[in-house]
Amino acid sequence: MQTEEQPYLSVVVPVYNEEKNIGPLLDRLYPVVAGIGRPFEIIFTDDGSRDASLRILREKARDLAGVKIIEFNGNFGQHMAILAAFELSKGEIVITLDADLQNPPEEIPRLIREVEKGHDVVGTVREKRRDPFFRRLASRAVNITTNRMTGMEMSDYGCMLRAYHRNVVDNINRCRETTTFIPALAQTFAADPAEIRVSHSERAEGESKYSLYRLIRLNFDLMTGFSVVPLQLFALFGVVTAVFSLGFALFLLVRRFVVGAEVEGVFTLFAILFFFLGIVIFGIGLVGEYVGRIYQEVRRRPRYVVRRLYGFEEE
Ligand code: UDP
Ligand code: MG
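Note that this is a predicted model, so its numbers are computed, not measured.

1. Details of the environment of threonine 45
When you line up the elements, threonine 45 lands in strand β2 (residues 40-46). The buried category is assigned to threonine 45, whose relative accessible area is 0%. As for threonine 45 and valine 13, which are separated by 32 residues in sequence, their C-alpha atoms are 6.4 Å apart. Not counting residues within four places of it along the chain, the set of residues in contact with threonine 45 comprises Val13, Pro14, Val15, Ile70, Phe72, Ala81 and Ala85.

Encoded structure:
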């Protein structure tokens with residue numbers, strides 16, 4: 001079954017091992033989307049799930065008109081899953097949403113109203129966020145530094161319940177970068193973004209797909225993918241350090257003539273040395289982040305591999 005008309009609304013959901021959540025999600029999402037009364041499509045990207053997610057999705061897609069599935073060949077990550085769905089989406093308005101029911105689908109009509117008012121990107125801010133304390137703290141730090149560095153203004157980079165106008169999605173589809181962070185990418189194309197507050201729930205079933213390591217990787221993508229300020233700050237720091245150490249050397253020279261050479265305090269020197277050594281290693285790592293990114297881009301490997309599509313019309 002397919003809706004033949006051109007969809008007005010595309011809902012995009014990345015799925016990675018969410019077998020317990022898909023049923024309850026569709027039970028809530030489908031009536032909301034169908035209730036809007038315009039042609040729609042719901043695109044699930046199965047990001048290489050190793051549980052029953054794909055089987056459940058296929059069963060659902062058979063019964064529910066407008067549900068489509070992109071099956072990935074492996075795990076390419078949440079943002080690639082969304083990008084693949086963006087490329088196949090047809091809606092005038094495109095909405096992204098997590099599969100774990102942390103974002104209430106009932107908010108979708110509000111998002112649509114904002115887009116219809118003329119905002120081309122509508123973000124959401126999680127009210128009373130239900131995540132572990134350390135995640136909330138880390139998110140705050142990321143939100144503040146990212147805004148500072150990129151000059152963007154977004155209160156909550158992590159919240160994936162978002163609406164995009166077709167123009168913004170088309171522009172995102174023109175980007176070929178291999179690592180990305182979609183809300184930040186969209187923000188660079190937004191002419192008139194808006195934000196609304198939404199409630200937030202705990203993950204319904206299963207565990208977060210982000211380990212501490214993956215979260216750190218993701219945030220590095222966000223920071224280095226959208227700004228070269230870290231590199232510039234680092235260079236600036238190098239200059240300041242050089243000036244200070246020149247001053248220090250002059251001081252030692254003068255001291256040598258006044259009170260003689262200094263031999264004690266060798267360990268202080270060690271401490272200072274190790275401090276700068278740490279900074280130098282960090283700097284090399286930081287440069288490495290950018291070099292690695294350039295390397296990834298020049299290889300031009302496909303960003304993701306689709307194994308099969310379900311429910312899309314033959315082109
Ligand atoms: N996800 C995905 N691929 C991944 C990791 C996550 O498609 O490699 C999906 C996941 O199924 C969920 C969404 O991305 O729908 C957000 O993931 P999660 O809830 O684990 O992140 P958190 O809410 O902890 O930030
Ligand atoms: Mg989640």
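2. Topic: the coordination of the magnesium ion (ligand 2)
For the magnesium ion (ligand 2), the full set of protein donor atoms is Asp100 (OD) and Gln102 (OE1), and the range of their distances to it is 1.9 to 2.0 Å. The same class applies to aspartate 100 as to glutamine 102, namely buried.

3. Examining the pairing of strand β7 (residues 194-199)
Residues Ala194, Ile196 and Val198 of β7 are buried on one face, while the alternating residues Glu195, Arg197 and Ser199, pointing to the opposite face, are not. Judged from the six bridges that link them, strand β5 (residues 121-127) and β7 form a sheet pairing that is parallel. Along β7, the bridge assignment pairs glutamate 127 with serine 199.

4. Quick notes on the site of ligand 1
Close to ligand 1 lie 18 residues, the nearest being Glu18, Asp47, Asp100, Ser208 and Lys209. Alone, ligand 1 offers 530 Å² of accessible surface; in the complex the protein occludes 95% of this. The residue makeup of the shell around ligand 1, split by class, is five nonpolar, five polar and eight charged.

5. Here's the deal with helix α5 (residues 133-150)
With 18 residues, α5 extends 26 Å between its outermost C-alpha atoms, agreeing within 8% with the 26 Å of an ideal straight helix rising 1.5 Å per residue. Taken as a whole, α5 has its buried residues at Arg135, Ser139, Val142, Asn143, Thr146, Asn147 and Met149. End-on view of α5: buried residues confined to an arc of 160°, all on one side of the axis. For α5, the exposed residues set more than 90 degrees away from the buried face come down to Phe133, Leu137, Arg140 and Arg148. Where α5 ends, the next residue or the one after it, glycine 151, has phi of about 75°, a positive value.

6. Some remarks on the nonpolar core
Nonpolar side chains in soluble globular proteins tend to end up buried together. Counting residues in hydrophobic clusters, the biggest one holds 38 residues, and the most contacted among them are Val13, Leu29, Ile42, Phe44 and Ile95. Where this core is concerned, the elements lending two or more residues are β1 (9-15), α1 (19-35), β2, α2 (53-63), β3 (67-72), β4 (93-96), α4 (108-116) and β7. At seven residues, α1 tops the list of elements feeding residues into this core. For valine 13, the residues in contact, after removing those within four places along its chain, are Leu25, Leu29, Ile42, Ile43, Phe44, Thr45, Leu97, Asp98 and Ala99. The next biggest cluster of nonpolar side chains, apart from the first, holds 36 residues, and it includes Phe72, Met152, Met223 and Phe312.

7. Quick look at a nonpolar patch on the surface
Taken together, the side chains of Phe237, Phe248, Phe251, Leu252, Leu269, Ile272, Phe275 and Phe276 make up a nonpolar region of the molecular surface, amounting to roughly 720 Å² of accessible area. At the level of secondary structure, the elements contributing two or more residues to the nonpolar patch comprise α9 (229-259) and α10 (266-299). Along the chain, the position of phenylalanine 275 falls in helix α10.

8. Some details on the pattern of salt bridges
For the structure shown, the criterion picks out 17 salt bridges. Taking the shortest distance from any N to any O, the salt bridge between arginine 203 and aspartate 100 comes out at 3.3 Å. Of this pair, arginine 203 sits in the loop between β7 and α8 (212-226) while aspartate 100 sits in the loop between β4 and α4, and the two are 103 residues apart along the sequence. Aspartate 100 sits in the buried class, given a relative accessible area of 4%. One salt bridge connects arginine 126 with aspartate 156, and the closest N-O pair in it is separated by 2.8 Å. Linking arginine 126 in strand β5 with aspartate 156 in the loop between α5 and β6 (162-165), this pair joins segments that are 30 residues apart in sequence. Judged by relative accessible area, arginine 126 falls into the buried class, the value being 12%. The network of salt bridges with shared partners includes Glu18, Asp100, Arg203 and Lys209.

About the thresholds
Residues numbered from 1 in each chain as written. Chains lettered and ligands numbered in written order. Predicted model: local features only at pLDDT ≥ 70, side-chain atom pairs only at ≥ 80, totals over all residues. Heavy atoms only, no water. Helix = DSSP H or I, 4+ residues; strand = E, 2+ residues; numbered from the N terminus. Buried < 20%, exposed > 50% of the residue type's maximum accessible area, 1.4 Å probe, protein only. Contact = heavy atoms within 4.5 Å. Donors = N, O, S within 2.8 Å, 3.2 Å for Na, K, Ca; no water. Pairing = 2+ DSSP bridges. Near = heavy atom within 4 Å. Areas by Shrake-Rupley, 256 points an atom, 1.4 Å probe, with all protein chains shown as cover. Nonpolar A, V, L, I, M, F, W, Y, C, P; charged D, E, K, R; others polar. Expected span 1.5 Å × (residues − 1). Arc of directions from axis to C-beta. Core = buried A, V, L, I, M, F, W, Y, C linked by side-chain atoms within 4.5 Å. Patch = residues over 30% accessible without salt bridge, like charges linked within 9 Å, V, L, I, M, F, W, Y side chains within 5 Å. Salt bridge = Lys/Arg side-chain N within 4 Å of Asp/Glu carboxyl O.

None of the figures reported here should be taken as evidence of function without further support.
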